[in-house]
Amino acid sequence: MIFISILFVNFLHGIEYSFIGGIVKSDEVISTSEIELIENSYLEAKNIIEDLFKLKFKNEKVEIVFLSSTYEFTKNFGVDYKIGGISTRNNVYFQPIRVLRTKSDLRKIFLHEFLHFWIDKIGNLPDFINEGIALYYSKLFNKNTTLIFPEGLEDKEIFTEDYYFSSKEFVRYLIEKKLLHSVLSNSNYVEVYRKFYFENADKIRVLVNPRKERELSVKLSSGYATIFSKDGEFEVKNSQFKILMEGKRIFVLGREVFSIHFKTDKFILNDRSYRGELLITNELAINILPVEYYVYSVVNSEIPPSELEAMKVQAVLSRTLAYYFMRSRKNEPYDVNSLTDSQSYRGMSEENQQSKRCIIDTEGEILTFAGSIIPVYFSSTCGGKTANSEDVWNDYLPFYRSKDCFYNGETNCNISEHFKEWERFLTNDFLYSIGITNVEFVYSGERVKRVIVDGRIESFDVFKARISKILGWNFLKSNFLTIEKKENGYLIKGRGLGHGVGVCQYGAIGLAKKGKNYREILSFYLSGVEIEKFKNQNPWGF
Ligand SMILES: [Zn+2]
Ligand SMILES: [Zn+2]
């Protein structure tokens, strides 16, 4: 943890130890071997930073203070109790030694803080570089290290929204390729980082003209267009383009072309802003962008604004779905379209601070079962109990097991407006009008899986589609239903909204309100599923 200045710290510290770099103060006894560890880590950190930045530090005396209690530590520094230590330009403060002993390796904790101590002496490095170096050399680098927000980087002006992702891997890349010194001497290194990330991140291809609009207007604020035509390939630096599509023929700048590739990081297409690049080919307009930027936007279309932990649940679900399509549609011209049959994607207008925050906090995380990406299902409101996959469709999927949507004395999704039992009436007259006389539900578990219509069996989805076409999509909002024959028709009582398989979204919101985090919520609804960073997600190739 890095802090520039500490105004006033007042401690009781009974015992003092001297070591080669200065003095150690503590209320508790620190063993000789621990003092040795402090000394060695302090010197090791010094050597590492001197080497890395090709410089020599002057010998100054440091004061290392172990606070008396975690309470005192968090109160004085205003930080989370999990933080082990804090360094300033002249002092390093630690949690009580008895607390540190219960954490991981003492050596790693000391080394980490001393690395910060020496890096701070260089001055003017952005926090993601500082933290990246300290994590790397203290070997506190692992896939569960969440770096960005716990260390408060969101407030730093240099670390704007576009530069969050994989920052620690970027630093690691620079260190391992021995590029750190030269990149840091270039004042434009944030730009270097941004460009690296953009070029190397996993990208998704989103069809953004699913309705095959004939006229497209494209505006660029940076970058250029590469146009491929029968006369060859050429670059155009205009900021505005009008494109006409006639079937598979493409016209731009008064000529017919094969395809146009807009190489930029942001563009406006028919008044909508998008991140990433745009490719026009055949009759398709395809937005190519890092997956994380894509989920910035879709997460808000898939779940109402709510508790951050519930939105993180959705972030992981949406990202998993994105990777699932990217894998299964590798040989198709695009991975997903921008409509709800993939995930609704409306570009940058749907992004906000909360959606970015939940993507950044879960960077690269997807759901796997026995090592494979799972097909993702979720629905709005389960109505009290989620469904087994085979009770709704034909596939048995071991991770989609029925689960009481209930915790701590109440149903999780009872905050949903769809939770309360609803009623519908199918009149005989209506049924006659679509050629039906008699209806019977066939259950699997609690869910209606099939319907016997005048002696013929059809799936519930088919039946529902027939009804919805005329009475609207929300006439039968779920498959959690009872049916009762009355004189002039059928009384249907139902609960919830959606198919009920997988995560109950309102249930996730309910659990988040009860203090559960996104990992706990995901494992509450999904049996035996793991949350993993996608293997190829790290753009730096580690
Ligand atoms: Zn740190
Ligand atoms: Zn539920």
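What you see is a predicted model; the values in this text were computed from it and never measured.

### What about the sheet that holds strand β12 (residues 255-257)?
Read from one edge to the other, the open sheet built from 6 strands follows the order β12-β11-β10-β7-β14-β15, with strand pairing classed as antiparallel. Each of the sheet's edge strands pairs with one partner strand only, and the pair in question is β12 and β15 (272-275). Sheet twist, expressed as the mean angle between neighbouring strand axes with direction ignored, is 30°. The pairing of strand β7 (residues 215-220) with strand β14 (residues 266-269) spans 3 bridges and is antiparallel. Residue pairing in the sheet places L220 in a bridge with F267 of β14.

### Section: unusual backbone geometry
In terms of backbone geometry, most residues other than glycine have negative phi values and most peptide bonds are trans. Even without a glycine there, the phi angle at K54 is positive, about 55°. As for its placement among the helices and strands, K54 is situated in the loop between α1 (32-53) and β3 (62-66). Under the C-beta neighbour-count criterion, K54 is labelled exposed, with 7 such atoms within 10 Å. One non-glycine residue with positive phi stands out, namely N408, at about 55°. Owing to 10 C-beta atoms within 10 Å, N408 belongs among the exposed residues under this scheme.

### Some thoughts on the packing of helix α10 (residues 308-328) against helix α15 (residues 505-513)
Between α10 and α15, the shortest axis-to-axis distance is 7 Å and the interhelical angle comes to 140°. The orientation of α10 with respect to α15, classified from their angle, is oblique. At the point where α10 passes α15, the crossing takes the right-handed sense. For the pair α10 and α15, contact is made by E309, A310 and V313 and by A508, I509 and A512, respectively. Residue composition of the contact of α10 with α15, grouped by class: 5 nonpolar, no polar and 1 charged.

### With respect to the sheet that holds strand β28 (residues 480-486)
Ordered in space as β24-β29-β28, the 3 strands form an open sheet in which the pairing is antiparallel. At either margin of the open sheet sits one strand with a lone partner, and together these are β24 (422-427) and β28. In this sheet, adjacent strand axes meet at a mean angle of 20° when their direction is disregarded. Pairing of β24 with strand β29 (residues 489-495) involves 6 bridges; the strand directions are antiparallel. The partner of W422 across the bridge, within β29, is G494.

### So, the confidence of the model for the protein chain
Across the protein chain, the average pLDDT comes to 88, with 91% of residues at 70 or higher. Here helix α8 (residues 189-200) stands out as the element of the protein chain with the lowest mean pLDDT, 77, in contrast to strand β30 (residues 503-504), whose mean of 98 is the highest. In the predicted structure, residues 1-8 sits below a pLDDT of 50 and forms 15 contacts with residues beyond four places in sequence or in another chain. For residues 143-163, every residue scores under 50 in pLDDT, and the model assigns this stretch 32 contacts once sequence neighbours within four places are set aside.

### Topic: α15
Judged by how many residues are buried, α15 sits mostly within the fold: 8 of 9 residues are covered. Residues Q505, Y506, G507, A508, I509, G510, L511 and A512 constitute the buried set of α15. Residues of α15 that are buried in the fold lie against α10, β21 (378-379), β22 (406-407), β30 and α16 (518-525). Just downstream of α15 lies G515, where phi reads positive at about 95°.

### So, the environment of L174
Position of L174 relative to the elements: it lies in helix α6 (residues 167-176). In this structure, the C-alpha to C-alpha distance between L174 and I133, residues 41 residues apart in sequence, is 9.8 Å. In this structure, L174 is in contact with L179, L180 and V183, ignoring residues within four places of it in sequence.

### Brief notes about the environment of M245
The residue M245 is located in strand β10 (residues 240-246) in this model. We classify M245 as buried; it has 20 C-beta atoms within 10 Å. Between the C-alpha atoms of M245 and V503, which are 258 residues apart in sequence, the distance is 41 Å. Apart from the residues lying within four places of it in its own chain, the contact partners of M245 are R214, L216, I250 and E283.

### What to know about the environment of N40
Position of N40 relative to the elements: it lies in helix α1. Taking the C-alpha atoms as reference points, N40 and L111, separated by 71 residues in sequence, lie 8.6 Å from one another.

Thresholds applied
Residues numbered from 1 in each chain as written. Chains lettered and ligands numbered in written order. Predicted model: local features only at pLDDT ≥ 70, side-chain atom pairs only at ≥ 80, totals over all residues. Pairing = 2+ DSSP bridges. Helix = DSSP H or I, 4+ residues; strand = E, 2+ residues; numbered from the N terminus. Axes fitted to C-alpha atoms, helices over the stretch in contact; angles between N-to-C directions. Buried ≥ 20, exposed ≤ 12 C-beta atoms within 10 Å, placed from the backbone. Parallel < 35°, antiparallel > 145°, perpendicular 65-115°, else oblique. Left-handed = near helix turned anticlockwise from the far one by under 90°. Contact = placed C-beta atoms within 7 Å. Nonpolar A, V, L, I, M, F, W, Y, C, P; charged D, E, K, R; others polar. pLDDT = per-residue confidence, 0-100.

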